[in-house]
Amino acid sequence: MKNYWFPIILFSAATIFVSCKPEAKPAPLPPTTEAVLIGCEGLAAASTSTMASYDPKGKVLENNIFQKANSYILGNAINSMLVDDDKIFLVLSGEGEIVVVDKDTYKVLRRIKGLGAPRNIMKVGENRYYITDWQLEGIYIYSYHTKSLYTLLTGKGPENMIQYENMAFIANGGDGTADSMLTVINTDMDTILTQIEVGFNPNSLQIDANNKLWVLCSGIQKQNTVNSISGNLVSFNLDQ
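What counts and how
- Residues numbered from 1 in each chain as written.
- Predicted model: local features only at pLDDT ≥ 70, side-chain atom pairs only at ≥ 80, totals over all residues.
- Heavy atoms only, no water.
- Pairing = 2+ DSSP bridges.
- Helix = DSSP H or I, 4+ residues; strand = E, 2+ residues; numbered from the N terminus.
- Axes fitted to C-alpha atoms, helices over the stretch in contact; angles between N-to-C directions.
- Contact = heavy atoms within 4.5 Å.
- Salt bridge = Lys/Arg side-chain N within 4 Å of Asp/Glu carboxyl O.
- Buried < 20%, exposed > 50% of the residue type's maximum accessible area, 1.4 Å probe, protein only.

Peer 1: Before we go on, may I ask you to explain the sheet that holds strand β12 (residues 158-164) in this structure?
Peer 2: The strands that make up a sheet pair up through hydrogen bonds in the backbone, lying either parallel or antiparallel. Pairing in this open sheet of 4 strands is antiparallel, and the strands run β12-β13-β14-β15 from one edge to the other. Both edges of this open sheet fall to β12 and β15 (191-197), since each of them pairs with a single strand only. When strand polarity is set aside, the average angle formed by the axes of neighbouring strands in this sheet is 25°. Bridge count for strand β14 (residues 181-186) against β15 is 6 bridges, and the pairing is antiparallel. Within the sheet, the bridge partner assigned to N186 lies in β15 and is T191.

Here is the structure:
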């Protein structure tokens, strides 16, 4: 009997030893590099605009990131920004320029001057951008490679933009006056296709999952409310 039990015990012990061996731990994930960038407009005409960065994972806020990187204040009335690959475009409405900084260091790469009162910037192609400008009453078409600026008139107070395939929609928000048009531009040719009347002072655009474009119009506010015009919300099916 001993001759039979001895190998069985060894086999069982080996089996237990192998099954209890700890599994290799997976490699830790790399730290996140995501951050929320915040543009602070500051006081009107006082050149006190600033930038801040917030890390949502670590819950850490860092103020004045532009000034720390460049040793001077950003400028007057930052209105919006665009993150495009390794660059950030900072739209300074009060300065009439756009400052381009490196995404990682916030060091200035370029200053796009010669604008009037820029509001928003949108990328429409490889190194091509549309910039809405209240003073121009239209958009600037900017090439990052050639540094060229071309103009296209769209309407009063052009503000927000959105792109669908090769069409860009520009909301002419009025800039304190009355405009009710949505301008549609062919982004391949940089030409106006049509203008659509949507309601007074359109200011916000969004495309939903069903390719329907929604346009929010603020209306016109008068001191005498009897003469005011209510805002409205309209939509268009872009697939038709």
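Peer 1: Can you walk me through the sheet that holds strand β16 (residues 202-207) in this structure?
Peer 2: A sheet is described by the order of its strands in space; here 3 strands give the open sequence β16-β17-β18, paired in antiparallel fashion. Only two strands of the sheet have a single neighbouring strand rather than two, namely β16 and β18 (232-237). The mean inter-strand angle of the sheet, taken between neighbouring strand axes irrespective of direction, is 20°. The pairing of strand β17 (residues 212-217) with β18 spans 6 bridges and is classified as antiparallel. What sits directly across from V215, in β18, is V234.

Peer 1: Explain the environment of I207 to me, please; I cannot follow it from the model alone.
Peer 2: Among the secondary structure elements, I207 is positioned in strand β16. With 28 residues separating them along the chain, I207 and S235 place their C-alpha atoms 9.2 Å apart. With near-sequence residues (within four places) excluded, I207 lies in contact with I162, Q163, Y164, K212, L213 and L238.

Peer 1: I tried to follow the pattern of salt bridges on my own but got confused; where do I start?
Peer 2: Two side chains carrying opposite charge are able to pair once their charged atoms lie near each other. Overall, the coordinates contain 8 salt bridges when judged by the stated rule. The salt bridge involving K123 is made with D84; its shortest N-O contact spans 3.2 Å. Here the residue K123 occupies a position in strand β8 (residues 118-125), and D84 occupies one in strand β4 (residues 78-84), the gap between them amounting to 39 residues. Residue class for D84 comes out buried when judged on its relative accessible area of 7%. Residue D190 is joined to R128 by a salt bridge in which the shortest nitrogen-to-oxygen separation is 2.6 Å. With a gap of 62 residues between them, D190 in the loop between β14 and β15 and R128 in strand β9 (residues 128-133) connect regions that are remote in the sequence. Looking at R128, the relative accessible area reads 22%, which means it is partly exposed. Linked by salt bridges that have partners in common, E97, R111 and K113 make up one network.

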